[in-house]
Amino acid sequence: MCGISGFICFSKNLTSSKLKKEALSMANSLSKRGPDSFGVWTDVTNGLALSHRRLSIIDLSSNANQPMMSKSKRFVIVYNGEVYNFKTLRKIIQQNGVVLKSLSDTEVILELISLYGFNDAIKKLNGIFSLAVWDRKNKKLFLARDRVGIKPLYIYNDNQNFAFASEIKAIKKLSFSSLSIDRESLSTYVRLNYIPSPFSIFKSVSKLEPGSIFIIDLKKNIQKKKFWNVEDLEKKTKNSNPGDTFHVLNNAVKNQMVSDVPLGVFLSGGIDSSLIAALAQKNSKKKISSFTIGFNESEFDEAKYARAISKQLGMNHNEVYFDYSELNNLVELIPDIYDEPFADSSQLPTFLLSQITKKNVTVALSGDGGDELFGGYYRYFLAEKYQRYIFSQPYLVKTIIKNIIKIFPTTFWNNFGCILPNSMGGRQFGDKLLKLSNLLDNSDETAFQKRIISNCSDLSNYLHLDKEKNVKYHDCDYELLYSDIVRRMQVLDFLIYLPDDILTKVDRASMYNSLEVRVPFLDNTVIEHAFRMEKKHYIQKSNGKVILKKVLKKFLPNQMIDRPKMGFGIPLGRLLIDSFSEKIEYYLNSTKIEKQKIFRTDFYKKLWLEHKSKKRNWQFLLWNFLVFQIWYDYWED
């Protein structure tokens, strides 16, 4: 894994030394992504510079350093990621008479482009990547990002200058960059806790969408194209065989374990990470190290399960309990780690997990992606029930149900939720029920998903300017593509929530600690297998990931598998009161907030009073607000 960056100054008025200085400034800002070496390549005639920070994983020698030039001298590459089928591709290149100087996947990609051209070469890659290639012959810069968006790539364009980078902080280092907040993106952040691709918090900065190629030449002509679409899998008529799941997953894990540095596994104790851990240990001749974060609160703590599973699998287990005394220090790091406002509160334990893992290994396998591919989220089961029992009901019945829900205070329903199965929402049952009750007036399925993944319904209560980005969650055309509500929700989560929340959270937290995280569930072969599998094989009677549990039973006893899903959260509602009251009240009463003219502070003060009195749990909106204010202070400075 690495950090990449570069730019084109179309005026070509920068000297060689100035080009290098700007490029080095970008590279140095990404040092945590690549502490092992760095490099810069410039083309003063064309006003172009490429820079790279390297975290050495495959071929630790200097032969694999970047920027790297092809044997033909035509192409120069900077690349962040790992390509898992690079050995197969390497043989193809060698069969074409090319003699390679290194054992790296970087050189394989470069020479593959020389043989097949950029577009066709990218389609052959199975891995996680973002990369930039300068074509010295045709004077074009090519960018690409992997199919799922596991590795980030930001683009800056002000018509006079063009730049790209793994993180926005590198773009901000450029002397010519000018960044101003995009208020529509901010509205979307308040709704979702993150900003989906292709948007960013800044007007002149965008994210390259997953599975995309971006081409720009010296005349500022731009081409954008998709080299892969998950929607195309729907057109394949042959369904995958659920009996192949073990074989497909095992091969993915085995291929992703190739490394010249020590490797471990994130182990939460849930189905996904346990299965990845089991397959990793199966394919290793020595004990694999597993890593877990524990919590003192039993409703959040899975450490005891992870410990037992690791022992059962014969792994070396490592765990640490979340240190709440470090919370305030951690929160102050969030703007530097994420660059944009990002408010998934599990970012805090993810950061600490990455920190303890890096002390022992340089590469870790993760179970991310299992929920989206194999139906693990509670909202999928809820959608089926809602479609069956609510959408079809007469308006009068829905009105009566809505009034019954609102007669009782939310605290009543939350307490009632404690005696229901954990999958029903537990102590958050009342908040979930109230959220759903607001949909009883609307039988539109797209509105259902939009509301179920949102912090709030009407943004005008929260913001002075409530216009937001039109993201795929709002697109009714997906109802035509996917008639089944669960499959539609899976696809949209795969396209939006997975890359822009889950994978962003893990990439920034891990790379800030110079740790590479790989995701076997998001291997090309696993994605195709999962999305071509009939739903009945992984969701049955409100029970998700059925096929994964079946595979896991090859390694673990039933009692370690059949238990409620917990997620990877923290007791956020309580912590906002115990640890962050001073910060929240400072911002709510600060004159800075009024000058921003962004948030309706009177309304947030009301939310805060209700939260402190435990009348309502407004944890996600308050955390969202707090994270933005800390970010705003950091980036203004």
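Reading the values: the criteria
- Residues numbered from 1 in each chain as written.
- Predicted model: local features only at pLDDT ≥ 70, side-chain atom pairs only at ≥ 80, totals over all residues.
- Heavy atoms only, no water.
- Helix = DSSP H or I, 4+ residues; strand = E, 2+ residues; numbered from the N terminus.
- Buried < 20%, exposed > 50% of the residue type's maximum accessible area, 1.4 Å probe, protein only.
- Contact = heavy atoms within 4.5 Å.
- Areas by Shrake-Rupley, 256 points an atom, 1.4 Å probe, with all protein chains shown as cover.
- Lys, Arg positive; Asp, Glu negative; His and termini not counted.
- Charge placed at Lys NZ, Arg CZ, Asp CG, Glu CD.
- Polar contact = N/O pair within 3.5 Å; in protein donor to acceptor, adjacent residues only side chain to side chain.
- Core = buried A, V, L, I, M, F, W, Y, C linked by side-chain atoms within 4.5 Å.
- Pairing = 2+ DSSP bridges.
- Axes fitted to C-alpha atoms, helices over the stretch in contact; angles between N-to-C directions.
- Salt bridge = Lys/Arg side-chain N within 4 Å of Asp/Glu carboxyl O.
- Patch = residues over 30% accessible without salt bridge, like charges linked within 9 Å, V, L, I, M, F, W, Y side chains within 5 Å.
- Parallel < 35°, antiparallel > 145°, perpendicular 65-115°, else oblique.
- Left-handed = near helix turned anticlockwise from the far one by under 90°.
- Nonpolar A, V, L, I, M, F, W, Y, C, P; charged D, E, K, R; others polar.

J.: Honestly, the overall build of the chain in this entry has me stumped. Any pointers?
T.: Helix and strand content of the chain: 26 helices and 19 strands. Residues counted as buried form 61% of the 637 residues belonging to the chain. Long-range contacts, defined as pairs at least 24 residues apart, comprise 73% of the intrachain contacts of the chain with a sequence gap of at least 6. For the chain, the computed accessible surface area is about 25,500 Å², with 49% contributed by carbon and sulfur atoms. Averaging the positions of the 91 positive and the 68 negative side-chain charges in the chain gives two centres separated by 3 Å.

J.: It is not clear to me how the side chain of Ser 366 should be interpreted in this structure. Could you clarify?
T.: Tracing the backbone through its elements, the reader meets Ser 366 in the loop between strand 16 (363–365) and helix 12 (370–374). Assessed through its relative accessible area of 3%, Ser 366 is described here as buried. Within the structure, the side chain of Ser 366 is placed 2.8 Å from the side chain of Asp 368, a separation counted as a polar contact. Once residues lying within four places of it in the same chain are set aside, the contact partners of Ser 366 are Phe 266, Ile 276, Val 517, Arg 518, Val 519 and Pro 520.

J.: Where do I start with the nonpolar core in this structure?
T.: General note: in soluble globular proteins, nonpolar side chains tend to be found buried as a group. If you look at the biggest cluster of nonpolar residues, it comprises 192 residues, and the most contacted ones within it are Phe 7, Phe 374, Phe 494, Leu 522 and Trp 623. Here the element with the most residues in this core is helix 19 (residues 485–511); it accounts for 15 residues. Sequence-distant contacts of Trp 623, that is, excluding residues within four places in its chain, are made with Val 331, Ile 334, Ala 343, Asp 344, Ser 345, Gln 347, Leu 348, Leu 572, Leu 576 and Phe 580. Membership of the second largest hydrophobic core comes to 20 residues, among which are Leu 48, Val 76, Leu 141 and Leu 218.

J.: I keep staring at the sheet that holds strand 1 (residues 2–9) and nothing clicks. Help me out?
T.: Remark on secondary structure: sheet strands pair via backbone hydrogen bonds, oriented parallel or antiparallel. If you walk across this open sheet you meet the six strands as 2-3-1-9-8-10, and the pairing is antiparallel. Whereas interior strands pair on both sides, the edge strands pair on one side only; in this sheet they are strand 2 (37–43) and strand 10 (205–207). Here the average twist between neighbouring strands, direction ignored, is 15 degrees. Of the strand pairs in this sheet, strand 2 and strand 3 (residues 48–54) are connected by seven bridges, and their pairing is antiparallel. Bridged to Trp 41 within strand 3 is Leu 50. The sheet contacts of helix 1 (residues 16–29) involve strand 1, strand 2, strand 3 and strand 9 (161–165), and relative to strand 3 the element is tilted by about 35 degrees.

J.: Looking at this model, I keep getting lost on the pattern of salt bridges. Mind explaining?
T.: If charged atoms from side chains of opposite charge come close, those side chains can pair. Applying the stated criterion across every chain, the model contains 26 salt bridges. Lys 505 is the salt-bridge partner of Asp 344, the closest N and O atoms lying 3.7 Å from each other. Of the two residues, Asp 344 is situated in the loop between helix 10 (327–338) and helix 11 (347–358) and Lys 505 in helix 19; the sequence distance between them amounts to 161 residues. The class of Asp 344 is buried, set by a relative accessible area of 13%. Ionic pairing is found between Lys 612 and Glu 585, a salt bridge with its closest N-O pair at 2.9 Å. Residue Lys 612 is located in helix 25 (residues 601–612), and its partner Glu 585 is located in helix 23 (residues 581–588); the two are separated by 27 residues in the primary sequence.

J.: I tried to follow a positive patch on the surface on my own but got confused; where do I start?
T.: A surface patch of like charges, here positive, comprises Lys 12, Lys 71, Lys 73, Lys 101, Arg 136 and Lys 139. Relative to the elements of secondary structure, Lys 139 occurs in the loop between strand 6 (127–135) and strand 7 (140–145). For Lys 139, a relative accessible area of 32% translates into the label partly exposed.

J.: Is there a simple way to think about the packing of helix 11 against helix 19 in this case?
T.: The contact between helix 11 and helix 19 brings their axes to 8 Å, and the two run at 40 degrees. With respect to each other, helix 11 and helix 19 are oriented oblique. Where helix 11 crosses over helix 19, the two elements pack in a sense that is right-handed. Along its contact with helix 11, which presents Gln 347, Thr 350, Phe 351 and Ser 354, the element helix 19 presents Lys 505, Val 506, Ala 509 and Ser 510. Within the contact of helix 11 with helix 19, the residues separate by chemical class into three nonpolar, four polar and one charged.

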